Amino acid sequence: MSDKAKINPILKLALELGPLVLFFFVNARGEALIERFGMQELFPEPIFLATGVFMVAMLISLAVSWILTRHLAVMPLITGVVVLVMGGLTLWLQDDIFIKVKPTIVNTFFGVVLLLGLMFGRSLLAYVFDAAFSLDAEGWRKLTLRWGFFFLFLAAVNEVVWRTQTTDFWVAFKVWGIMPITMIFAMAQLPLMQRHMIEGPDDKA
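Quantities reported herein were computed from a predicted structural model and do not represent experimental measurements. (Residues numbered from 1 in each chain as written. Predicted model: local features only at pLDDT ≥ 70, side-chain atom pairs only at ≥ 80, totals over all residues. Heavy atoms only, no water.)

Visitor: Any chance you could explain the pattern of salt bridges here in plain terms?
Guide: Between side chains of opposite charge, a pair can form when the charged atoms approach closely. Inspection of the entire model under this criterion finds 4 salt bridges. Here lysine 100 ties to aspartate 96 by a salt bridge, and the two come within 3.4 Å at their closest N and O atoms. Given the relative accessible area of 8%, lysine 100 is considered buried. A salt bridge links glutamate 138 to lysine 142; the shortest N-O distance between them is 3.9 Å. Pair noted here: glutamate 138 and lysine 142 are both in helix H6 (residues 137-164), with a separation of 4 residues, about one helical turn. One continuous salt-bridge network, built from bridges that share partners, spans Glu138, Arg141 and Lys142. (Salt bridge = Lys/Arg side-chain N within 4 Å of Asp/Glu carboxyl O. Buried < 20%, exposed > 50% of the residue type's maximum accessible area, 1.4 Å probe, protein only. Helix = DSSP H or I, 4+ residues; strand = E, 2+ residues; numbered from the N terminus.)

Visitor: Honestly, the nonpolar core in this entry has me stumped. Any pointers?
Guide: What tends to happen in soluble globular proteins is that the nonpolar side chains get buried as a cluster. Within the largest apolar cluster, 42 residues are counted, with the highest numbers of intra-cluster contacts made by Phe23, Ile47, Phe54, Leu143, Trp147 and Trp170. The element contributing the most residues to this core is H6, with 9 residues. Once residues within four sequence positions are removed from consideration, tryptophan 147 is found in contact with Leu114, Leu125, Phe129, Thr182, Phe185, Ala186 and Gln189. (Core = buried A, V, L, I, M, F, W, Y, C linked by side-chain atoms within 4.5 Å. Contact = heavy atoms within 4.5 Å.)

Visitor: Help me out: how do you make sense of helix H1 (residues 9-36) in this one?
Guide: Along H1, the sharpest kink reaches roughly 65 degrees, centred on glycine 30. By the burial criterion, the buried members of H1 are Leu15, Pro19, Leu20, Phe23, Phe24, Val26, Asn27, Gly30 and Ile34. Among the structural elements, helix H2 (46-69), helix H4 (97-119), helix H7 (167-176) and helix H8 (178-188) are those in contact with the buried residues of H1. (Bend = angle between axes of the 7 residues up to and from the residue.)

Visitor: I would appreciate a short explanation of a nonpolar patch on the surface in the present structure.
Guide: A cluster of nonpolar side chains, namely Leu11, Trp66, Ile67 and Leu68, defines an oily patch on the protein surface of about 370 Å² accessible area. Per element, the largest residue contribution to the nonpolar patch is 3 residues, and it comes from H2. By the element assignment, tryptophan 66 lies in helix H2. Here tryptophan 66 falls in the partly exposed class, since its relative accessible area comes to 38%. (Patch = residues over 30% accessible without salt bridge, like charges linked within 9 Å, V, L, I, M, F, W, Y side chains within 5 Å. Areas by Shrake-Rupley, 256 points an atom, 1.4 Å probe, with all protein chains shown as cover.)

Visitor: What's the story with H2 in this structure? I'm lost.
Guide: An α-helical segment advances 3.6 residues per turn. Residues three or four places apart therefore align on the same side. With 24 residues, H2 should cover 34 Å at 1.5 Å per step; its first-to-last C-alpha distance of 34 Å lies within 8% of that length. Taken from the residues just after H2, arginine 70 is the one with a positive phi, measuring 55 degrees. (Expected span 1.5 Å × (residues − 1).)

Visitor: Sorry, what's going on with the packing of H1 against H7 here?
Guide: Interaxial distance between H1 and H7 falls to 9 Å at its minimum, and their mutual angle equals 155 degrees. Here H1 lies roughly antiparallel to H7, going by the angle between them. Helix-helix and strand crossings are classified by hand; for H1 and H7 the assignment is left-handed. Residues Leu20, Val21, Phe23, Phe24, Phe25 and Asn27 of H1 lie in contact with H7, whose contacting residues are Asp168, Trp170, Val171, Ala172, Lys174, Val175 and Trp176. Tallied by class, the residues present in the contact of H1 with H7 amount to 10 nonpolar, 1 polar and 2 charged. (Axes fitted to C-alpha atoms, helices over the stretch in contact; angles between N-to-C directions. Parallel < 35°, antiparallel > 145°, perpendicular 65-115°, else oblique. Left-handed = near helix turned anticlockwise from the far one by under 90°. Nonpolar A, V, L, I, M, F, W, Y, C, P; charged D, E, K, R; others polar.)

Structure follows, in structure tokens:
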């Protein structure tokens, strides 16, 4: 059993989604902020200011999670590293393509890892999601397969959107499109999880 400290679910959700929502609002108000504080040379377009704020917010989120739990889950940690790398390239080269392909890289990585794990007879979903629940082997296999293909689907959708739509549309879709799609997909997996759940001593509580 793990002795990792538990974090309030609402706070956990805020830490995970907060940087993304902040990314959207700074991009939407970025032009006014850049003009007000005279940052035109550093941030020629709102997406660059939003990227900088996104990077800082991600670092704060990871730091707070570590302080509260002394533990960082694999998924937000890897996502944070990719955000810092691709965001840094975006600001350094003044090219927003790097931050736009970040979701493609992250989702493709997780999708490939999960599906390759299954090919070698291992379900890595619990490790990736830092899951606090237990399923039987068949449940983990089915759930991992579904999430693996779903991650690849998200990667493909991101590629289509950023290549065919404006930057503002891509940012808005990343927040208000991808998040609801992911939540709906996750909720749709609940019946499968309930059928394959293994009850432990803490489950009733």
